[in-house]
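# Working through the structure, step by step
Chain by chain, the residues:
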Amino acid sequence: SGSITVPFSREYDTHKLPFEMPKEAVTNKEELLGYFKLMYTMRRMEITCDTEYKARAIRGFCHLYDGQEAVAMGVEAAFDQKDSWITSYRCHCISLLRGGTVESIFAELLGYSEGVSHGKGGSMHMYSKKHNFYGGQGIVGAQVPVGVGLSFAAKYATPPGEKTPVAIAMYGDGAANQGQIWEGANMASLWKLPMIFCIENNQYGMGTSKERSSSNNKYYTMGNHIPGVRMDGMNVLMVREGMKAAKEWCSTGNGPIYVESDTYRYHGHSMSDPGTTYRNRDEIASMRTARDPIEYVKNLLVQHNLADPQELKNIEKDIRKEVQDALKAAKNGSIPKFEELYKDIYIGGEDNSKIVYPAYIRMPDRAKSIGSIYERGVSGM
Amino acid sequence: IDMPVREAINQGLDEEMERNENVFLLGEEVAQYQGAYKVTKGLYQKYGEKRVLDTPITEMGFTGLAVGAAYKDLRPVVEFMTFNFSMQAIDQVINSAAKQLYMTAGDIPVPIVFRGPNGSAAGVAAQHSQCFAAWYSSVPGLKVVSPWSSEDAKGLIKSAIRDPNPVVVLENEMLYGVSFPMSDEAQGKDFLVPIGQAKVEKEGTDITLVAHSRAVGHCMAAAEQLAKEGIKAEVINLRTIRPMDYATVIASVKKTNRLVTVEEGWPQNGIGADISANIVEEAFDYLDAPIERVTAADVPMPYSKPLEEAAVPQVPDILAAVKRALYREK
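Residues numbered from 1 in each chain as written. Chains lettered and ligands numbered in written order. Predicted model: local features only at pLDDT ≥ 70, side-chain atom pairs only at ≥ 80, totals over all residues.

Regarding its fold elements, chain B presents 13 helices and 14 strands. For 330 residues, the compact-globule estimate of 2.2 N^0.38 gives 20 Å, and the C-alpha radius of gyration of chain B, at 20 Å, lies within 12% of that figure. Over its C-alpha atoms, taken along the principal directions, chain B stretches across nearly 60 × 40 × 40 Å. Counting every position in chain B, which comprises 330 residues, the buried fraction comes to 59%. (Helix = DSSP H or I, 4+ residues; strand = E, 2+ residues; numbered from the N terminus. Rg over C-alpha atoms; globule rule 2.2 N^0.38 Å. Buried ≥ 20, exposed ≤ 12 C-beta atoms within 10 Å, placed from the backbone.)

Structural data, given as structure tokens:
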């Protein structure tokens, strides 16, 4: 009732995959509207970041996700929140799916204490342990072995014979040739860990195209004997079905899988990169016209008479307002208290869950150092 | 009873694994081979392959893996076969472990232990002989301990495993086979050495010797010789490098008015340099002589034995420094 079947216009590319990938997805109006709303929220959030960055309200590094929305959305649609997720610094939209809100993400970017990381992380460092989201990691590639550790912990905690929650580590084509990724993959395979290595291939590592950085740019094959699959990362349904299959494979004791999402970032690598010196505007424009992940969902809704264009326009209008309202609310945030500066360095106390402080924390002006050099260890302050 | 340091660490690991099933060990040769230095002997047989894991020789990967497991509440104990190899993984130790609690505003603690032999070994040349105390102890978010005796070794590894923060445990290969007395209390399962507290190993009134790890033994030997000359040296075993117990050092200097620091690490930006700066700031008026630092020579470690001996502090080096600080000799 109300469900539609959407054939994929492109096949999954596979590498040593011992099972068949689907050729279509079944979905319905509710699902598609849900994806559309979240992806459009991501888009507006990132575009607003661009504006606020240029207005100098956002500092430091800022890496935007517009163009790649279908990847995160497809992953979340296939997962539940028991599955762990870790990604690189391009993390705003993952945060939105895993515990963050548009307002708390903006607040973080503005450096306010209402931010997802209380203003201590910024653009690259957003987390929510409650939602099994582990960042928001700033060092290219380092999140991948850490992600393998998340899958290790998932397996460790699951009784033998039961399905394990999985872990996913996302990284870009630019990171894909890092040695530590293979180190993690090797252990994931040896120890049959429920681990998804997810390459978000957005075609450029900063400004270096995959052809100039990778001797093998079929990233889904880089696991050697580990099965791999490549899919259209601009198609949320294809990502969802691909991730469902990957999750099923990993969670039933078969070990890891490589999943490559062929995607595109509309913005430059970060805000300091206009994104036009190593690629041309025509390429970006043709990507927007032919493969935009949000337009794809909108077209599905309209073509299958699940929504009319006016309805979608109204939703877009509402979301634009919601994002603007969230920005306005975030801007009313408060500057972190001075004490935040030296909070959260150590944890301890009786049940090991209280923030504790070193007895002596040196400050630039020694006379203003916190605590006393005549005290010892760490303690509650 | 007397017990070698190796066995004391092994006992500490065993007791903590028994106490908490989320504690697991991983590293190169820790399981079937029973440890390159036999520190993990018998633990694979007792706890099985789920909790004692031989890793490939890929430090960056297995350290990252352990950090991720700690994000999800497991308590990994990572063995570096020696700390020299931890350099391959130092990004994971510092960026992924030490800074995580802060960046997440307290949301994600990282209860992990990095342990293994540190400092100069014997006859293994430059790449396998280096002290990392200064490196790791400069990082907020890490705790760093460095045991000397068997009681230190057992009590500190147990405290490190129970600590909810990342703790670096800098052991010393040359001490693994050395036996030290273990008190009845230290043989018990509840014995802990608190992180952040130095221990006065020997009381004295004339001069303070501060050291960690193997250099504590050299200081004790020096103090014995000095006693024969009527010089009462106080020997402080730092036990913890971060958070440093400056209070104990300052109190001692206020009593003795003279300070010699001893370490097997390089001089520049070393532990002695840090202590010296803090003593000058906090207790300058109590000093009757310039602080003396005894450190490794400012060179990579050579292979040949006479050269190696010349590169690391020996008891006569300490005695010479003490005499200068006491104005007994130039």
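Text resumes after the structure shown.
In terms of helices and strands, chain A carries 11 helices and 16 strands. Over its C-alpha atoms, taken along the principal directions, chain A stretches across nearly 70 × 50 × 45 Å. Within the span of chain A, comprising 381 residues, buried residues form 53% of the whole. By sequence separation, contacts in chain A at least 24 residues apart represent 70% of the contacts at least 6 residues apart. (Contact = placed C-beta atoms within 7 Å.)

It is worth spelling out helix H3 (residues 59-71) of chain B at this point. Taking 1.5 Å per residue, 13 residues should reach 18 Å; H3 of chain B reaches 18 Å between its end C-alpha atoms and fits that length. One or two positions beyond H3 of chain B, positive phi appears at aspartate 73 of chain B, with a value near 80°. (Expected span 1.5 Å × (residues − 1).)

Another point: the packing of helix H10 (residues 246-256) of chain B against helix H11 (residues 271-283) of chain B. Residue and element names in this part refer to chain B. At a minimum axis separation of 11 Å, H10 and H11 run at an interaxial angle of 60°. One element, H10, and the other, H11, form an angle in the oblique class. The hand of the H10/H11 crossing is right-handed. Taking contact as the criterion, the partners of Tyr246, Val249, Ile250, Val253 and Lys254 in H10 are, on H11, Ile275, Asn278, Ile279, Glu282 and Ala283. Class assignment for the residues of the contact of H10 with H11 results in 7 nonpolar, 1 polar and 2 charged. (Axes fitted to C-alpha atoms, helices over the stretch in contact; angles between N-to-C directions. Parallel < 35°, antiparallel > 145°, perpendicular 65-115°, else oblique. Left-handed = near helix turned anticlockwise from the far one by under 90°. Nonpolar A, V, L, I, M, F, W, Y, C, P; charged D, E, K, R; others polar.)

Turning next to the domain arrangement of chain B. Residue and element names in this part refer to chain B. Examined at the domain level, chain B breaks down into domain 1 (2-187) and domain 2 (199-325). When each unit is reduced to the centre of its C-alpha atoms, the spacing between domain 1 and domain 2 is 26 Å. Contacts between the two partners involve 23 residues from domain 1, matched on the other side by 24 residues from domain 2. Among the elements of the structure, helix H6 (133-137), strand S6 (143-145) and helix H7 (150-162) are those that each provide at least two residues to the side of domain 1 that touches domain 2. Each residue belonging to the side of domain 1 that touches domain 2 can be placed in one class, and the counts come to 14 nonpolar, 7 polar and 2 charged. (Domains from an automatic or database assignment.)

Attention shifts here to the UniProt feature "domain: Dehydrogenase E1 component" (unreviewed entry) in chain A. The residues that UniProt annotates with the feature "domain: Dehydrogenase E1 component" (unreviewed entry) are residues 39-337 of chain A. Helix makes up 45% of residues 39-337 of chain A and strand 12%, and the two end C-alpha atoms of the span are 34 Å apart. (UniProt positions renumbered as here; feature names shortened; annotations may be inferred.)

All names here are of chain A. Most of strand S10 (residues 228-232) is tucked away, with 5 of its 5 residues classed as buried. Relative to S10, strand S2 (residues 13-15) runs antiparallel, the two sharing 3 bridges. For histidine 15, the partnering residue across the bridge sits in S10 and is glycine 228. Note: S10 against strand S11 (residues 257-262), 5 bridges, orientation parallel. Among the inter-strand pairings, aspartate 232 is bridged to a residue of S11, identified as aspartate 262. Note on the crossover from S10 through helix H8 (residues 236-254) to S11: the handedness is right-handed. (Pairing = 2+ DSSP bridges. Right-handed = clockwise from strand over helix to strand, strands pointing away.)

Okay, the interface of chain A and chain B next. The partner chain B presents 44 residues to the 43 residues of chain A that form the contact. Within the residue set of the side of chain A that touches chain B, elements represented by two or more residues are helix H5 (143-157), helix H6 (179-190), strand S12 (346-348) and strand S13 (354-358) of chain A. The leading source of residues in the side of chain A that touches chain B is H5 of chain A, at 9 residues. Along the lines of polarity and charge, the residues of the side of chain A that touches chain B split into 22 nonpolar, 14 polar and 7 charged.

The next point concerns the domain arrangement of chain A. When the domains of chain A are assigned, the result is domain 1 (3-331) and domain 2 (338-379). Between the C-alpha centres of domain 1 of chain A and domain 2 of chain A the distance comes to 37 Å.

With that out of the way, let us pick up unusual backbone geometry. Look at the link from glycine 135 of chain A to glycine 136 of chain A: it is a cis peptide, with omega at 25°. Following the sequence through the fold, glycine 136 of chain A ends up in strand S5 (residues 133-136). Positive phi outside glycine occurs at aspartate 73 of chain B, with the angle close to 80°. Given 15 C-beta atoms within a 10 Å radius, aspartate 73 of chain B is considered partly exposed. Positive phi outside glycine occurs at asparagine 269 of chain B, with the angle close to 55°. Tracing the backbone through its elements, the reader meets asparagine 269 of chain B in the loop between strand S13 (259-262) and H11.

Glancing now at the sheet that holds strand S16 (residues 378-379) of chain A. All names here are of chain A. Taken in spatial order, the 3 strands make up an open sheet running S12-S13-S16, and their pairing is antiparallel. In the strand order of this sheet, the two ends are held by S12 and S16, each with one partner. As defined by bridge partners, S12 adjoins S13 across 3 bridges and the pair is classed as antiparallel. By the bridge assignment, tyrosine 346 is partnered in S13 with valine 356.

Two strands in a sheet stick together by hydrogen bonds in their backbones, pointing the same way (parallel) or opposite ways (antiparallel). All names here are of chain B. Read across the open sheet, the 5 strands follow the order S9-S11-S10-S13-S14; overall the sheet is mixed. Where the open sheet ends on each side, the last strands, each with one partner, are strand S9 (199-202) and strand S14 (292-294). In this sheet, adjacent strand axes meet at a mean angle of 25° when their direction is disregarded. Across 4 bridges, strand S10 (residues 207-211) lies against S13 in parallel orientation. The residue of S13 that forms the bridge with threonine 208 is leucine 259.

Residues and elements named next belong to chain A. Summarising the element assignment, serine 9 is placed in the loop between strand S1 (3-7) and S2. Note on serine 9: 8 C-beta atoms within 10 Å, which makes it exposed. Separated by 240 residues in the primary sequence, serine 9 and tryptophan 249 have C-alpha atoms spaced 24 Å apart.

All names here are of chain A. Helix length check: H6, at 12 residues, gives a terminal C-alpha distance of 17 Å against a target of 16 Å (1.5 Å per residue), a fit within 8%. Of all 12 residues in H6, 9 are buried, a share of seventy percent or more. If you check which residues of H6 are buried, you get Gln180, Ile181, Trp182, Glu183, Gly184, Ala185, Asn186, Met187 and Ala188. Lysine 192 occupies a position one or two residues after H6 and carries a positive phi of about 50°.

For glycine 34 of chain A, the location among the structural elements is in helix H1 (residues 29-54). Placed 306 residues apart in sequence, glycine 34 of chain A and glutamate 340 of chain A show a C-alpha to C-alpha distance of 37 Å.

The next subject is the packing of H3 of chain B against helix H4 (residues 90-98) of chain B. Residues and elements named next belong to chain B. Where H3 meets H4, the axes come as close as 9 Å, and the angle between the chain directions of the two elements is 15°. It follows that H3 is roughly parallel to H4 by the angle criterion. The way H3 lies across H4 gives a crossing that is right-handed. Across the interface between the two elements, Met60, Thr63, Gly64 and Val67 from H3 touch Gln92, Val93, Ser96 and Ala97 from H4. Of the residues contributing to the contact of H3 with H4, the split by class is 4 nonpolar, 4 polar and no charged.

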